[in-house]
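As a plain string of letters, each chain reads:
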Amino acid sequence: MGERLDGFDGAGWHALHSIPLPGGDRVHHLVIGPGGLFAVHTLYARRARVRVTDPLVALGRREPRPLLRRVRADADRASHALTAEVRPVLVLVGPADVTVTAPPRDVRVLTDGELGELARTGGVLKPADVEALHAMARDRNTWSRL
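Here we summarise the structure given alongside this text. (Residues numbered from 1 in each chain as written. Predicted model: local features only at pLDDT ≥ 70, side-chain atom pairs only at ≥ 80, totals over all residues. Heavy atoms only, no water.)

### Digging into the sheet that holds strand β5 (residues 56-59)
Backbone-to-backbone hydrogen bonds pair the strands of a sheet. The strands run either parallel or antiparallel. Taken in spatial order, the three strands line up as β5-β4-β7 in an open sheet, and their pairing is mixed. On the outer flanks of this sheet lie β5 and β7 (97-100), each paired with one strand and no other. The sheet shows a mean angle of 10° between the axes of neighbouring strands, taken without regard to direction. Here strand β4 (residues 49-53) runs beside β7; their pairing, made up of four bridges, is parallel. Its bridge partner lying in β7, Arg49 is registered against Asp97. (Pairing = 2+ DSSP bridges. Helix = DSSP H or I, 4+ residues; strand = E, 2+ residues; numbered from the N terminus. Axes fitted to C-alpha atoms, helices over the stretch in contact; angles between N-to-C directions.)

So this is what it looks like as structure tokens:
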């Protein structure tokens, strides 16, 4: 997933991976570009059926977990640290089938095949803003203030 996100660089995007947060949590991927800031949480679902019922996500026959709460919380913490809106994204990697009962409130759910949709968004940030936010996100002190 990281390599795919790094491929957005040519289109004015930057990706940071595995950003540690106080308390042991981490933002899987932070993507910054013309379309805004996205906290991307990945869920490996190789050949499994995935059912999304906000806030629950069920993978195969496993018990549903409130994963969308965590995705939102990670984006909220990143928003606080960067003092900018960070939108939550859940990317399902390799699912056999995805059922979304109702579109989740403020969380974008994509499969790894749909990931390119993020790079096609634009009109939110100017190039100078992208660079400034990227520099801020790369500074470890930004994340220790949470």
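### Details of the nonpolar core
In terms of nonpolar packing, the biggest core is built from 18 residues, with Leu30, Ile32, Leu37, Leu82, Val86, Ala137 and Trp143 touching the most fellow members. Those elements that provide at least two residues to this core are β1 (14-20), β2 (26-33), β3 (36-44), α2 (67-82) and α4 (127-138). The element contributing the most residues to this core is α2, with four residues. In contact with Ala137, not counting residues within four places along its chain, are Leu16, Leu30, Ile32, Leu82 and Trp143. The next biggest cluster of nonpolar side chains, apart from the first, holds 14 residues, and it includes Phe8, Trp13, Ala15 and Val93. (Core = buried A, V, L, I, M, F, W, Y, C linked by side-chain atoms within 4.5 Å. Buried < 20%, exposed > 50% of the residue type's maximum accessible area, 1.4 Å probe, protein only. Contact = heavy atoms within 4.5 Å.)

### Quick word on α4
The end-to-end C-alpha distance of α4 is 17 Å, a good match for the 16 Å that 12 residues give at a rise of 1.5 Å each. Buried residues in α4 make contact with β1, β2, β3, α2 and α5 (140-144). (Expected span 1.5 Å × (residues − 1).)

### Focus: the side chain of Thr42
By the element assignment, Thr42 lies in strand β3. Non-local contacts of Thr42, meaning those with residues more than four positions away in its chain, are made with Met1, His28, His29 and Val91.

### Considering the pairing of β4
Alternating residues of β4 divide into Val50 and Val52, all buried, and Arg49, Arg51 and Thr53, none buried. Both β4 and β5 contribute to a ladder of four bridges, which runs antiparallel. Bridged to Val52 within β5 is Val57.

### A short note on unusual backbone geometry
The residue after Asp54, namely Pro55, is reached through a cis peptide bond having omega 5°. One non-glycine residue, Arg47, adopts positive backbone phi at about 55°. In this structure, Arg47 sits in the loop between β3 and β4. For Arg47, a relative accessible area of 73% gives the class exposed.

### Remarks on the environment of Trp13
Along the chain, Trp13 falls in the loop between α1 (2-6) and β1. In contact with Trp13, not counting residues within four places along its chain, are Phe8, Val31, Ile32, Gly33, Pro34, Gly35, Gly36, Phe38, Leu118, Ala119 and Thr121. In this structure the side chain of Trp13 is engaged in a polar contact, spanning 3.4 Å, whose partner is the backbone oxygen of Ala119. (Polar contact = N/O pair within 3.5 Å; in protein donor to acceptor, adjacent residues only side chain to side chain.)

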